[in-house]
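Spelled out from the first residue to the last, the chains are:
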Amino acid sequence: MSGSASPVPMALQAEDLHVSFGNARRGSLIRAVDGVSFSVRKGEIFGVIGESGSGKSTLGRCLVGLLTPSGGGVRHGGIDPFRFSRRELNRHRRKYQIVSQDPNAAFDPRMTILQSVCEPLNIAGEGTRAERREKAFEMLDRVALSPEMANRYPHEISGGQKQRANIARALMLDPNVIVCDEVVAALDVSIQADMLNLFARLQEQFGLTYVFISHDLRVVSHISDCVAVMYFGKIVEVGPAHAVMEAPLHPYTEALRSAEPEITPAGADARSRIILQGEIPSAVSPPGGCRFHTRCPRVRDVCRIQEPQQRELLPGRHVACHFAEEMLVEQERKGLSAGRNRVQDMASATQALT
Ligand SMILES: Nc1ncnc2c1ncn2[C@@H]1O[C@H](COP(=O)(O)OP(=O)(O)O)[C@@H](O)[C@H]1O
Ligand code: SF4
Ligand SMILES: [Mg+2]
(Lines give C-alpha, C1' and ligand atoms only; values in the text may rest on other atoms or scores of the structure.)
(Ligands and ions follow the chains in the order given, each with its own letter.)
Protein backbone atom coordinates (compact mmCIF):
# COMPACT_ATOMS: atom_id res chain seq x y z
CA MET A 1 0.00 0.00 0.00
CA SER A 2 1.07 3.63 0.20
CA GLY A 3 3.66 2.92 2.94
CA SER A 4 5.75 0.65 0.74
CA ALA A 5 5.48 3.06 -2.23
CA SER A 6 7.48 5.69 -0.35
CA PRO A 7 11.00 6.32 -1.69
CA VAL A 8 12.35 6.48 1.89
CA PRO A 9 13.34 3.03 3.20
CA MET A 10 11.31 1.46 5.96
CA ALA A 11 13.15 0.80 9.21
CA LEU A 12 10.41 -1.26 10.75
CA GLN A 13 7.11 -2.79 9.81
CA ALA A 14 4.40 -4.67 11.62
CA GLU A 15 2.21 -6.80 9.37
CA ASP A 16 -1.06 -8.03 10.83
CA LEU A 17 0.88 -8.64 14.02
CA HIS A 18 -0.68 -10.77 16.77
CA VAL A 19 0.80 -11.50 20.20
CA SER A 20 -1.20 -13.59 22.68
CA PHE A 21 -0.70 -14.77 26.23
CA GLY A 22 -2.43 -17.54 28.14
CA ASN A 23 -4.43 -20.45 26.89
CA ALA A 24 -7.62 -20.46 24.79
CA ARG A 25 -8.80 -23.85 26.10
CA ARG A 26 -8.55 -22.69 29.69
CA GLY A 27 -10.37 -19.50 28.76
CA SER A 28 -7.38 -17.35 29.68
CA LEU A 29 -6.27 -16.20 26.24
CA ILE A 30 -5.31 -12.54 26.08
CA ARG A 31 -4.84 -11.11 22.62
CA ALA A 32 -2.53 -8.33 23.77
CA VAL A 33 -1.72 -7.31 20.19
CA ASP A 34 -4.50 -8.24 17.81
CA GLY A 35 -3.82 -7.59 14.15
CA VAL A 36 -1.64 -4.49 14.10
CA SER A 37 -0.05 -3.14 10.90
CA PHE A 38 2.10 -0.09 10.30
CA SER A 39 5.33 1.03 8.71
CA VAL A 40 7.97 3.31 10.19
CA ARG A 41 10.30 5.16 7.87
CA LYS A 42 14.00 5.40 8.58
CA GLY A 43 14.75 8.41 10.76
CA GLU A 44 11.21 8.93 11.95
CA ILE A 45 9.60 9.05 15.36
CA PHE A 46 6.53 6.88 15.44
CA GLY A 47 4.44 7.47 18.56
CA VAL A 48 2.18 4.85 20.11
CA ILE A 49 -0.41 6.10 22.54
CA GLY A 50 -3.00 4.20 24.58
CA GLU A 51 -4.20 3.52 28.10
CA SER A 52 -2.48 1.06 30.39
CA GLY A 53 -3.17 -2.52 29.27
CA SER A 54 -3.78 -1.64 25.62
CA GLY A 55 -0.80 -3.74 24.47
CA LYS A 56 1.87 -1.09 23.90
CA SER A 57 4.71 -2.80 25.78
CA THR A 58 3.84 -6.16 24.25
CA LEU A 59 3.98 -4.53 20.82
CA GLY A 60 7.30 -2.85 21.64
CA ARG A 61 8.89 -6.07 22.89
CA CYS A 62 7.75 -7.96 19.83
CA LEU A 63 9.06 -5.24 17.50
CA VAL A 64 12.60 -5.71 18.85
CA GLY A 65 12.42 -9.51 18.79
CA LEU A 66 12.00 -10.14 22.54
CA LEU A 67 8.58 -11.73 22.05
CA THR A 68 7.64 -14.07 19.23
CA PRO A 69 4.46 -13.16 17.32
CA SER A 70 1.59 -15.60 17.48
CA GLY A 71 0.51 -14.42 14.04
CA GLY A 72 1.58 -12.01 11.31
CA GLY A 73 5.07 -10.62 11.47
CA VAL A 74 7.66 -7.93 11.95
CA ARG A 75 10.13 -6.69 9.36
CA HIS A 76 13.39 -4.99 10.14
CA GLY A 77 14.50 -3.06 7.06
CA GLY A 78 12.48 -5.51 4.97
CA ILE A 79 13.87 -8.62 6.72
CA ASP A 80 11.90 -11.01 8.92
CA PRO A 81 14.12 -11.33 12.03
CA PHE A 82 12.23 -14.39 13.28
CA ARG A 83 13.59 -16.38 10.36
CA PHE A 84 17.09 -16.03 11.77
CA SER A 85 18.75 -18.71 13.86
CA ARG A 86 19.04 -17.80 17.54
CA ARG A 87 22.66 -16.79 17.02
CA GLU A 88 21.90 -14.62 14.01
CA LEU A 89 18.94 -13.10 15.81
CA ASN A 90 21.13 -12.13 18.77
CA ARG A 91 23.63 -10.49 16.45
CA HIS A 92 20.92 -8.71 14.52
CA ARG A 93 18.93 -7.66 17.58
CA ARG A 94 21.58 -5.22 18.75
CA LYS A 95 20.40 -2.88 16.00
CA TYR A 96 16.91 -2.87 17.56
CA GLN A 97 17.09 -1.76 21.17
CA ILE A 98 14.41 -1.11 23.74
CA VAL A 99 14.65 1.41 26.59
CA SER A 100 11.97 0.98 29.23
CA GLN A 101 10.33 2.97 31.97
CA ASP A 102 12.23 1.58 34.92
CA PRO A 103 15.95 2.28 34.68
CA ASN A 104 16.49 0.44 37.98
CA ALA A 105 15.71 -2.82 36.25
CA ALA A 106 18.49 -2.15 33.73
CA PHE A 107 21.22 -1.73 36.35
CA ASP A 108 22.88 -4.23 38.61
CA PRO A 109 23.20 -2.45 41.98
CA ARG A 110 26.64 -4.03 42.48
CA MET A 111 28.07 -2.56 39.27
CA THR A 112 29.24 0.98 38.65
CA ILE A 113 27.52 3.00 35.93
CA LEU A 114 30.62 2.60 33.75
CA GLN A 115 30.61 -1.18 34.14
CA SER A 116 26.91 -1.33 33.28
CA VAL A 117 27.27 0.91 30.25
CA CYS A 118 30.21 -1.26 29.02
CA GLU A 119 28.29 -4.48 29.60
CA PRO A 120 26.55 -4.81 26.19
CA LEU A 121 29.94 -4.65 24.45
CA ASN A 122 31.46 -7.08 26.96
CA ILE A 123 28.68 -9.55 26.17
CA ALA A 124 29.15 -9.00 22.44
CA GLY A 125 32.90 -9.53 22.96
CA GLU A 126 33.70 -6.38 21.08
CA GLY A 127 36.83 -4.25 21.34
CA THR A 128 39.50 -4.13 24.00
CA ARG A 129 38.72 -3.09 27.56
CA ALA A 130 40.21 0.35 26.86
CA GLU A 131 38.13 0.78 23.68
CA ARG A 132 34.96 -0.18 25.48
CA ARG A 133 35.67 2.29 28.28
CA GLU A 134 36.46 5.03 25.79
CA LYS A 135 33.19 4.45 23.96
CA ALA A 136 31.27 4.37 27.27
CA PHE A 137 32.70 7.76 28.26
CA GLU A 138 31.74 9.12 24.85
CA MET A 139 28.16 7.87 25.19
CA LEU A 140 27.89 9.23 28.74
CA ASP A 141 28.97 12.57 27.35
CA ARG A 142 26.34 12.36 24.58
CA VAL A 143 23.62 11.92 27.20
CA ALA A 144 25.06 14.82 29.22
CA LEU A 145 26.40 12.79 32.14
CA SER A 146 29.72 14.01 33.50
CA PRO A 147 32.69 11.58 33.70
CA GLU A 148 32.41 11.64 37.53
CA MET A 149 29.11 9.76 37.22
CA ALA A 150 30.90 6.79 35.67
CA ASN A 151 32.25 5.47 38.95
CA ARG A 152 29.05 5.86 40.91
CA TYR A 153 26.65 3.08 41.77
CA PRO A 154 22.99 3.17 40.65
CA HIS A 155 21.73 4.12 44.13
CA GLU A 156 24.07 7.12 44.17
CA ILE A 157 22.46 8.88 41.19
CA SER A 158 18.99 10.29 40.50
CA GLY A 159 16.25 8.63 38.45
CA GLY A 160 16.83 11.06 35.58
CA GLN A 161 20.58 10.38 35.60
CA LYS A 162 19.90 6.65 35.65
CA GLN A 163 17.62 6.96 32.63
CA ARG A 164 20.35 8.90 30.81
CA ALA A 165 22.85 6.14 31.62
CA ASN A 166 20.29 3.63 30.39
CA ILE A 167 20.16 5.42 27.04
CA ALA A 168 23.98 5.54 26.90
CA ARG A 169 23.97 1.80 27.41
CA ALA A 170 21.54 1.25 24.53
CA LEU A 171 23.66 3.49 22.29
CA MET A 172 26.79 1.37 22.88
CA LEU A 173 25.57 -1.15 20.32
CA ASP A 174 25.09 1.46 17.55
CA PRO A 175 21.39 0.72 17.13
CA ASN A 176 19.29 1.76 14.12
CA VAL A 177 15.97 1.66 15.97
CA ILE A 178 15.15 2.30 19.62
CA VAL A 179 11.77 1.44 21.07
CA CYS A 180 11.29 3.95 23.88
CA ASP A 181 8.68 2.45 26.22
CA GLU A 182 7.32 5.00 28.71
CA VAL A 183 10.84 6.40 29.07
CA VAL A 184 9.78 9.51 30.95
CA ALA A 185 6.84 8.05 32.89
CA ALA A 186 8.82 7.39 36.07
CA LEU A 187 10.49 10.80 36.05
CA ASP A 188 9.47 13.98 37.76
CA VAL A 189 7.38 16.17 35.45
CA SER A 190 9.95 18.97 35.84
CA ILE A 191 12.63 16.93 34.05
CA GLN A 192 10.44 15.20 31.48
CA ALA A 193 10.83 17.97 28.89
CA ASP A 194 14.65 17.89 29.25
CA MET A 195 14.64 14.16 28.73
CA LEU A 196 12.39 14.42 25.67
CA ASN A 197 14.72 17.04 24.23
CA LEU A 198 17.65 14.70 24.84
CA PHE A 199 15.86 11.91 22.98
CA ALA A 200 15.12 14.27 20.09
CA ARG A 201 18.75 15.45 19.96
CA LEU A 202 20.15 11.90 19.98
CA GLN A 203 17.74 10.88 17.26
CA GLU A 204 19.19 13.58 15.02
CA GLN A 205 22.82 13.02 15.98
CA PHE A 206 22.74 9.26 15.44
CA GLY A 207 20.14 9.14 12.65
CA LEU A 208 17.96 6.92 14.83
CA THR A 209 14.43 5.72 14.27
CA TYR A 210 12.20 5.64 17.34
CA VAL A 211 9.00 3.93 18.27
CA PHE A 212 7.94 6.20 21.10
CA ILE A 213 5.43 4.53 23.40
CA SER A 214 3.54 6.41 26.11
CA HIS A 215 0.18 6.52 27.85
CA ASP A 216 0.65 10.30 27.99
CA LEU A 217 -0.68 12.12 24.94
CA ARG A 218 1.40 15.21 25.71
CA VAL A 219 4.61 13.19 25.58
CA VAL A 220 3.77 11.43 22.32
CA SER A 221 2.48 14.55 20.57
CA HIS A 222 5.54 16.53 21.67
CA ILE A 223 8.06 14.27 20.01
CA SER A 224 6.38 12.22 17.26
CA ASP A 225 6.11 12.70 13.51
CA CYS A 226 3.33 10.18 13.31
CA VAL A 227 1.09 8.62 15.95
CA ALA A 228 -0.82 5.38 16.30
CA VAL A 229 -3.60 5.18 18.87
CA MET A 230 -4.06 1.74 20.47
CA TYR A 231 -7.16 0.41 22.17
CA PHE A 232 -7.27 -3.16 23.46
CA GLY A 233 -4.67 -4.62 21.14
CA LYS A 234 -5.77 -2.77 18.02
CA ILE A 235 -4.72 0.44 16.34
CA VAL A 236 -7.85 2.56 16.00
CA GLU A 237 -6.27 5.58 14.36
CA VAL A 238 -2.92 6.41 12.79
CA GLY A 239 -1.66 9.49 11.01
CA PRO A 240 0.65 12.52 11.05
CA ALA A 241 0.93 13.69 14.67
CA HIS A 242 -0.19 17.28 14.12
CA ALA A 243 -3.28 16.26 12.13
CA VAL A 244 -4.32 13.57 14.60
CA MET A 245 -3.87 15.95 17.53
CA GLU A 246 -5.64 18.86 15.91
CA ALA A 247 -8.53 16.95 14.39
CA PRO A 248 -8.94 13.39 15.71
CA LEU A 249 -11.11 11.16 13.53
CA HIS A 250 -11.75 8.40 16.07
CA PRO A 251 -13.93 8.93 19.17
CA TYR A 252 -11.29 7.34 21.42
CA THR A 253 -8.58 9.69 20.19
CA GLU A 254 -11.04 12.56 20.54
CA ALA A 255 -11.65 11.61 24.18
CA LEU A 256 -7.92 11.31 24.96
CA ARG A 257 -7.31 14.56 23.16
CA SER A 258 -10.07 16.50 24.86
CA ALA A 259 -8.62 15.58 28.25
CA GLU A 260 -5.45 17.49 27.23
CA PRO A 261 -6.75 20.74 25.71
CA GLU A 262 -3.42 22.50 26.17
CA ILE A 263 -1.75 20.38 23.48
CA THR A 264 -3.15 22.42 20.63
CA PRO A 265 -4.17 25.83 21.92
CA ALA A 266 -5.85 26.81 18.63
CA GLY A 267 -9.49 25.80 18.78
CA ALA A 268 -9.13 24.40 22.28
CA ASP A 269 -11.75 26.71 23.76
CA ALA A 270 -14.42 25.30 21.52
CA ARG A 271 -13.67 21.79 22.58
CA SER A 272 -15.72 20.49 25.42
CA ARG A 273 -14.15 17.88 27.59
CA ILE A 274 -15.22 14.28 27.03
CA ILE A 275 -15.18 12.04 30.08
CA LEU A 276 -15.11 8.39 29.13
CA GLN A 277 -18.00 6.50 30.70
CA GLY A 278 -18.44 2.77 31.08
CA GLU A 279 -16.21 0.06 32.42
CA ILE A 280 -12.88 -0.80 30.93
CA PRO A 281 -13.56 -4.20 29.37
CA SER A 282 -11.81 -7.42 30.39
CA ALA A 283 -8.68 -8.25 28.41
CA VAL A 284 -9.75 -11.91 28.27
CA SER A 285 -13.15 -11.21 26.74
CA PRO A 286 -13.12 -7.90 24.87
CA PRO A 287 -16.50 -6.67 23.62
CA GLY A 288 -17.75 -7.85 20.21
CA GLY A 289 -18.33 -5.43 17.37
CA CYS A 290 -16.28 -2.31 17.96
CA ARG A 291 -14.15 -2.88 21.07
CA PHE A 292 -14.68 0.70 22.15
CA HIS A 293 -18.48 0.50 22.06
CA THR A 294 -18.89 0.03 25.83
CA ARG A 295 -17.30 3.46 26.42
CA CYS A 296 -17.89 5.37 23.21
CA PRO A 297 -19.88 8.62 23.48
CA ARG A 298 -20.93 8.20 19.81
CA VAL A 299 -22.00 4.55 19.96
CA ARG A 300 -24.89 3.37 17.75
CA ASP A 301 -26.52 -0.02 17.22
CA VAL A 302 -24.24 -1.16 14.42
CA CYS A 303 -21.18 -0.67 16.66
CA ARG A 304 -22.29 -3.48 18.97
CA ILE A 305 -22.52 -5.98 16.15
CA GLN A 306 -20.04 -5.10 13.47
CA GLU A 307 -16.34 -4.49 13.88
CA PRO A 308 -15.27 -1.36 11.98
CA GLN A 309 -12.53 -1.93 9.43
CA GLN A 310 -9.55 0.32 9.13
CA ARG A 311 -9.60 2.63 6.11
CA GLU A 312 -7.67 5.57 4.77
CA LEU A 313 -9.84 8.66 5.03
CA LEU A 314 -7.20 11.14 3.97
CA PRO A 315 -3.65 10.53 2.79
CA GLY A 316 -1.86 8.77 5.66
CA ARG A 317 -4.87 8.97 7.98
CA HIS A 318 -6.24 5.53 8.78
CA VAL A 319 -9.21 5.13 11.09
CA ALA A 320 -11.30 2.21 12.33
CA CYS A 321 -14.71 3.70 13.20
CA HIS A 322 -18.03 3.31 11.39
CA PHE A 323 -18.61 7.05 11.66
CA ALA A 324 -15.18 8.47 10.94
CA GLU A 325 -16.44 10.26 7.82
CA GLU A 326 -19.00 12.11 9.95
CA MET A 327 -16.24 13.14 12.34
CA LEU A 328 -14.16 14.40 9.45
CA VAL A 329 -17.01 16.64 8.27
CA GLU A 330 -17.51 17.91 11.85
CA GLN A 331 -13.82 18.69 12.34
CA GLU A 332 -13.65 20.57 9.06
CA ARG A 333 -16.79 22.51 9.93
CA LYS A 334 -15.03 23.59 13.13
CA GLY A 335 -12.19 24.83 10.93
CA LEU A 336 -9.74 22.22 12.21
CA SER A 337 -7.25 20.78 9.78
CA ALA A 338 -7.57 17.04 9.47
CA GLY A 339 -4.93 17.08 6.77
CA ARG A 340 -6.92 17.27 3.54
CA ASN A 341 -4.87 18.51 0.56
CA ARG A 342 -1.87 19.34 2.68
CA VAL A 343 1.41 18.62 1.04
CA GLN A 344 3.25 17.99 4.27
CA ASP A 345 0.60 15.53 5.32
CA MET A 346 1.13 13.64 2.10
CA ALA A 347 4.86 13.64 2.79
CA SER A 348 4.51 12.31 6.31
CA ALA A 349 1.90 9.77 5.42
CA THR A 350 4.47 7.05 5.77
CA GLN A 351 2.96 5.16 8.59
CA ALA A 352 0.19 4.15 6.28
CA LEU A 353 -1.05 0.77 7.27
CA THR A 354 0.22 -1.94 5.02
N1 LIG B 1 3.79 -11.81 30.16
C2 LIG B 1 2.46 -11.67 30.16
N3 LIG B 1 1.65 -12.71 30.51
C4 LIG B 1 0.32 -12.59 30.50
N5 LIG B 1 -0.34 -11.46 30.15
C6 LIG B 1 0.40 -10.40 29.81
C7 LIG B 1 1.85 -10.44 29.79
N8 LIG B 1 2.31 -9.21 29.40
C9 LIG B 1 1.21 -8.46 29.18
N10 LIG B 1 0.08 -9.17 29.42
C11 LIG B 1 -1.30 -8.67 29.27
O12 LIG B 1 -1.41 -8.14 27.96
C13 LIG B 1 -2.19 -6.96 27.97
C14 LIG B 1 -1.36 -5.81 27.41
O15 LIG B 1 -0.31 -5.50 28.31
P16 LIG B 1 0.84 -4.47 28.00
O17 LIG B 1 1.42 -4.79 26.66
O18 LIG B 1 1.76 -4.44 29.14
O19 LIG B 1 0.02 -3.09 27.88
P20 LIG B 1 0.51 -1.58 28.07
O21 LIG B 1 1.99 -1.54 27.89
O22 LIG B 1 -0.24 -0.82 27.03
O23 LIG B 1 0.10 -1.18 29.44
C24 LIG B 1 -2.64 -6.74 29.41
O25 LIG B 1 -3.93 -7.29 29.56
C26 LIG B 1 -1.61 -7.51 30.21
O27 LIG B 1 -2.16 -7.96 31.42
S1 SF4 C 1 -17.44 2.26 15.63
FE2 SF4 C 1 -19.06 3.05 16.96
S3 SF4 C 1 -18.43 2.46 19.05
FE4 SF4 C 1 -16.65 2.24 17.72
S5 SF4 C 1 -15.58 4.16 17.92
FE6 SF4 C 1 -16.90 4.36 16.15
S7 SF4 C 1 -18.81 5.26 16.92
FE8 SF4 C 1 -17.65 4.50 18.69
MG1 LIG D 1 3.49 -0.75 29.12
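See the structure above.
Only a predicted model underlies this, so the values are computations on that prediction, with no experimental measurement involved. (Residues numbered from 1 in each chain as written. Chains lettered and ligands numbered in written order. Predicted model: local features only at pLDDT ≥ 70, side-chain atom pairs only at ≥ 80, totals over all residues. Heavy atoms only, no water.)

If you tally the helices and strands in the protein chain, you get 14 helices and 11 strands. In terms of overall size, the protein chain behaves like a compact globule, its C-alpha atoms giving a radius of gyration of 21 Å where 354 residues would be expected to give roughly 20 Å. A principal-axis box enclosing the C-alpha atoms of the protein chain has dimensions of 65 × 50 × 40 Å. Put simply, the protein chain has 354 residues, and 52% of those count as buried. Considering only residue pairs separated by 6 or more positions, the protein chain has 66% of its internal contacts joining residues 24 or more positions apart. (Helix = DSSP H or I, 4+ residues; strand = E, 2+ residues; numbered from the N terminus. Rg over C-alpha atoms; globule rule 2.2 N^0.38 Å. Buried < 20%, exposed > 50% of the residue type's maximum accessible area, 1.4 Å probe, protein only. Contact = heavy atoms within 4.5 Å.)

Quick look at the environment of Tyr252 now. If you trace the backbone, Tyr252 turns up in helix H11 (residues 251–258). It is 8.7 Å that separates the C-alpha atoms of Tyr252 and Arg295, two residues lying 43 residues apart in sequence. Not counting residues up to four positions away in its chain, the partners in contact with Tyr252 are Gly50, Glu51, Val229, Met230, Tyr231, Val236, Leu276 and Phe292.

A word on the site of ligand 1. For ligand 1, the full set of nearby residues is Phe21, Ile30, Ala32, Glu51, Ser52, Gly53, Ser54, Gly55, Lys56, Ser57, Thr58 and Ala283. Gly53 has a polar backbone atom sitting 2.6 Å from an oxygen atom of ligand 1. Ser57 is positioned such that a nitrogen or oxygen atom in its side chain is 2.9 Å from an oxygen atom of ligand 1. Contact with the protein chains removes 60% of the 560 Å² of surface that ligand 1 exposes when unbound. Sorting the residues of the shell around ligand 1 by element identifies strand S2 (30–41) and helix H2 (56–63) as the ones contributing at least two each. Of the residues belonging to the shell around ligand 1, the class tally is four nonpolar, six polar and two charged. (Near = heavy atom within 4 Å. Polar contact = N/O pair within 3.5 Å; in protein donor to acceptor, adjacent residues only side chain to side chain. Areas by Shrake-Rupley, 256 points an atom, 1.4 Å probe, with all protein chains shown as cover. Nonpolar A, V, L, I, M, F, W, Y, C, P; charged D, E, K, R; others polar.)

Okay, the sheet that holds strand S7 (residues 209–214) next. Reading across from one edge, S5-S6-S7-S3-S8-S9-S11-S10 is the order of the eight strands in this open sheet, with mixed pairing throughout. The sheet is open, and its two edges are formed by strand S5 (96–100) and strand S10 (311–314), each paired on a single side. Geometrically, the sheet is characterised by an average inter-axis angle of 20° between neighbouring strands, direction not taken into account. Inspection of the sheet shows S5 paired to strand S6 (residues 177–181) by five bridges, in the parallel sense. Among the inter-strand pairings, Gln97 is bridged to a residue of S6, identified as Ile178. (Pairing = 2+ DSSP bridges. Axes fitted to C-alpha atoms, helices over the stretch in contact; angles between N-to-C directions.)

With 38 residues, the main nonpolar core has Val143, Ile167, Leu171, Phe199, Tyr210 and Phe212 as its most contacted residues. Those elements that place two or more of their residues in this core are helix H5 (113–124), helix H6 (129–142), helix H7 (159–171), S6, helix H8 (189–206), S7 and helix H9 (217–223). Sequence-distant contacts of Ile167, that is, excluding residues within four places in its chain, are made with Val143, Met195, Leu198, Phe199 and Leu202. Among the nonpolar cores identified, the runner-up in size contains 28 residues, and Ala241, Leu313, Val319 and Cys321 belong to it. (Core = buried A, V, L, I, M, F, W, Y, C linked by side-chain atoms within 4.5 Å.)

Remark on secondary structure: sheet strands pair via backbone hydrogen bonds, oriented parallel or antiparallel. Judged by pairing direction, the sheet is antiparallel, and its three strands sit side by side in the order S2-S1-S4 without closing on themselves. At either end of the open sheet lies a strand with only one pairing partner, and these are S2 and strand S4 (71–76). On average, adjacent strands in this sheet sit at an angle of 15° to one another, irrespective of strand direction. As defined by bridge partners, strand S1 (residues 10–21) adjoins S2 across nine bridges and the pair is classed as antiparallel. When the sheet's bridge partners are listed, Phe21 is paired in S2 with Ile30. Set on the sheet, H2 makes contact with S1, S2 and S4; between it and S1 the angle comes to about 125°.

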